[in-house]
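Given next are the chains, with one letter for each unit.
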Amino acid sequence: ENVRVYEFAEKVNRSVGEVIGVLFALGMMVTKNDFLSKDEIEILAEEFEVEVTTVNPLDELEIAEDHDAEEDEANLEERPPVITIMGHVDHGKTSLLDRIRTSKVADKEAGGITQHVGAYQVEKNGKKITFVDTPGHEAFTEMRSRGAQATDIVIIVVAADDGVMPQTKEAISHTKAAGVPLIVAINKMDKESANPDNVKAQLSEIGVMAADWGGEYEFVPVSAHTGMGIDDLLETILLQAEVMELKANPNRKAKAVVVESSLEKGFGPVANVIIKNGTLHVGDNVIVGKTYGRIKAIKLDDGSNAKEIGPSTPAAIVGLNEVPGAGDELIVMDTDKEVRELAEKRAEYDRAKALSKSTKASLDDLSALIAEGQLKSLPVIIKADVQGSLEAIKGSLEKLRNEEVKVNIIHEGVGGVTESDLTLADASEHSVVLGFNVRPTGAVKKKAKELGIEIRTYTIIYDLLDDVKALLGGLMSPVI
Ligand code: GDP
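As annotated in an unreviewed UniProt entry, the protein chain carries the name Translation initiation factor IF-2 and comes from Sulfurovum xiamenensis. We quote the UniProt Subcellular location (unreviewed entry) comment for the protein chain here in full: "Cytoplasm". For the protein chain, the Sequence similarities (unreviewed entry) comment in UniProt is given as "Belongs to the TRAFAC class translation factor GTPase superfamily. Classic translation factor GTPase family. IF-2 subfamily."

### A closer look at the overall build of the protein chain
A count of helices and strands for the protein chain gives 14 helices and 21 strands. With 480 residues in all, the protein chain has 44% of them scored as buried. Looking at the protein chain alone, contacts between residues at least 24 apart form 72% of all its contacts between residues at least 6 apart. Of the roughly 23600 Å² that the protein chain leaves accessible, carbon and sulfur atoms contribute 48%.

### As for helix α12 (residues 419-427)
Residues lying three or four places apart along an α-helix face the same way, a consequence of the helix completing one turn every 3.6 residues. Every buried residue of α12 is listed here: Asp421, Leu422 and Ala425. Viewed along the axis of α12, the buried residues span an arc of 95 degrees, placing them on a single side of the element. In α12, the exposed positions angled more than 90 degrees off the buried face are occupied by Ser420 and Ala427. The elements touched by buried residues of α12 are β18 (377-384), β19 (406-414), β20 (432-436), α13 (442-451) and β21 (455-458).

### Digging into the site of the ligand
Surveying the vicinity of the ligand reveals 15 residues, the closest of which are Asp90, Lys93, Thr94, Ser95 and Asp190. The separation between an oxygen atom of the ligand and a polar main-chain atom of Asp90 is 2.8 Å. Between the ligand and Thr94 there is a distance of 2.6 Å, counted from an oxygen atom to a side-chain nitrogen or oxygen. Burial of the ligand by the protein chains amounts to 74% of its free accessible area of 570 Å². Top element by residues in the shell around the ligand is helix α5 (residues 93-107). It accounts for three residues.

### Here we look at the pattern of salt bridges
Evaluation of the coordinates by the stated rule reveals 20 salt bridges. A salt bridge links Lys127 to Glu78, with the shortest nitrogen-to-oxygen separation between them at 3.1 Å. Placement of Lys127 in strand β4 (residues 127-132) and of Glu78 in strand β1 (residues 77-78) is noted, with a sequence separation of 49 residues between them. Between Asp152 and Arg79 there is a salt bridge whose closest N-O contact spans 2.9 Å. Placement of the pair is Asp152 in the loop between α6 (137-145) and β5 (153-159) and Arg79 in the loop between β1 and β2 (82-87), with a sequence separation of 73 residues.

### With respect to the packing of helix α11 (residues 387-399) against helix α14 (residues 461-472)
One can describe the packing of α11 onto α14 by two numbers: an axis separation of 11 Å at closest approach and a directional angle of 30 degrees. What the angle tells us is that α11 and α14 run roughly parallel. Between α11 and α14 the crossing geometry is right-handed. Taking contact as the criterion, the partners of Ala392, Ile393, Ser396 and Leu397 in α11 are, on α14, Ile461, Leu464, Leu465 and Val468. Partitioned by chemical class, the residues of the contact of α11 with α14 number seven nonpolar, one polar and no charged.

### Observations concerning the confidence of the model for the protein chain
Parts of the prediction with low pLDDT should not have their coordinates interpreted in detail. The predicted model of the protein chain averages 83 in pLDDT, with 84% of residues at 70 or higher. Taken together, the stretch residues 55-65 has pLDDT below 50 and engages in eleven contacts with residues farther than four places along the chain or on a different chain. The low-confidence segment residues 474-480 (pLDDT under 50) makes 19 contacts with residues lying over four places distant or belonging to another chain. Prediction confidence for the complex, expressed as pTM and ipTM, is 0.65 and 0.99 respectively.

### Description of the sheet that holds β2
With mixed pairing, the six strands of this open sheet are ordered in space as β3-β4-β2-β5-β6-β7. Edge positions in the sheet fall to β3 (119-124) and β7 (219-221), since each of these pairs with one other strand and no more. Neighbour to neighbour, the strand axes of the sheet diverge by 30 degrees on average, direction disregarded. One ladder, built from three bridges, connects strand β6 (residues 182-187) with β7; its direction is parallel. Residue Val184 lies in a different strand from β7, and its bridge partner there is Phe219. Those strands touched by helix α8 (residues 196-205) are β5, β6 and β7, and its axis lies near 145 degrees from that of β6.

### Things to note about the sheet that holds β20
If you trace the four strands from one edge of the open sheet to the other, you get β19-β18-β20-β21, paired in parallel fashion. The two strands at the open ends of the sheet, each matched to only one other strand, are β19 and β21. Shown here is a sheet whose adjacent strand axes are inclined to one another by a mean of 25 degrees, direction ignored. Against the sheet, α11 makes contact with β18, β19 and β20, and its axis sits at roughly 175 degrees relative to β19, the strand it touches most.

Conventions adopted
Residues numbered from 1 in each chain as written. Predicted model: local features only at pLDDT ≥ 70, side-chain atom pairs only at ≥ 80, totals over all residues. Heavy atoms only, no water. UniProt positions renumbered as here; feature names shortened; annotations may be inferred. Helix = DSSP H or I, 4+ residues; strand = E, 2+ residues; numbered from the N terminus. Buried < 20%, exposed > 50% of the residue type's maximum accessible area, 1.4 Å probe, protein only. Contact = heavy atoms within 4.5 Å. Areas by Shrake-Rupley, 256 points an atom, 1.4 Å probe, with all protein chains shown as cover. Arc of directions from axis to C-beta. Near = heavy atom within 4 Å. Polar contact = N/O pair within 3.5 Å; in protein donor to acceptor, adjacent residues only side chain to side chain. Salt bridge = Lys/Arg side-chain N within 4 Å of Asp/Glu carboxyl O. Axes fitted to C-alpha atoms, helices over the stretch in contact; angles between N-to-C directions. Parallel < 35°, antiparallel > 145°, perpendicular 65-115°, else oblique. Left-handed = near helix turned anticlockwise from the far one by under 90°. Nonpolar A, V, L, I, M, F, W, Y, C, P; charged D, E, K, R; others polar. pLDDT = per-residue confidence, 0-100. Pairing = 2+ DSSP bridges.

Quick look at the structure:
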């Protein structure tokens, strides 16, 4: 929909003249800039033997959205809260995570946490809590910017001897911006210089008033070193989680978020995920961002393998074709065909987006560079069907010059546009490939897209020259 004649011509690698000609033969008058109707597009598609989909690719991307359909309250079950720890550097985020982790090992007779899966779970009063292993607001906000929010509650760690510091404020801003509730852990209480009241006073000044001072935020004094207050902190988290009524439906296809990912010897791509909803099973077909695959193995934080995992459970999953990005969403679909197709669509959409960006940018760049007199020559590669045309085009292009700027033919040849032409174009900044009465093959088009190189094809020499003149802009003196 909403395709102009010249845009269609470009898309199908035909000249504007050919497109207009086809319609003209059928009694339809259009000009270069006219929008094509659906019927006209269908006629042209048939004539040029190309496949046309008039679907907005973004609509297709939403296929998976039935996952977000309204849940029947009856299907929902309580799920563990997912916690991220933030705060100023050296205030004890890592120590606190380690202390909470080892306190679980002490509770458990054997095993403990042996496997790094990006997050871990502990149990308190028979309830589970999931801690994300990467502290800090950078990762948190990076995930959020990608539309993935794994965190239910943020723990802001403030060292009792140091008080509120710049990154404390940042962390609070990021948390509030995300609309995630926060709990303050006043750490290093074992230190003689600890001054928790100072922390409270400083935080109240920036809008985080302690509950025992009449505010709405829980403050828990702790020591990662001695273990003091850790139980209190876990209980406070559970209380907050209860208020939030965190729920999920374990009896549906899983949706998860990637917190980390890597390529591992012997396993291939590994994604550390936290399940947001549903249950993930070994054998499930999943799409994760632009990657996909069938779940081969699910590894838990204690090093054991699981056949299936439910809401808020962190795990490393094996079986993807490539390494996904942090913040990517995992979605289970019915068949491997579905996930592959959706993954391809997403990749195609990204390529198209990148292409439209890079083409535009490069053309804008070109004009700007030429206008500024920085670009002294425009590198072009010309391919034509016969030697005669090639000579004619070459001769005319060489005349398109003045003191400021000229066309620099870096390669010319008879025949179609080849991959090696593209390699050359890629190595020469700001170059354009011009084809006369030749069309690139599908493989070449694909590569050009990937490299962000523009191939322009023509059937009329004047059209070609006009385009190059336009590219060179107002600086051209009216020659030829
Ligand atoms: P992060 O940068 O926020 O992850 O902080 P770390 O966990 O790396 O801790 C920074 C320093 O503070 C380290 O030297 C820790 O040993 C120390 N530290 C952390 N927690 C405590 C605590 O509760 N008491 C004391 N005395 N030192 C602590």
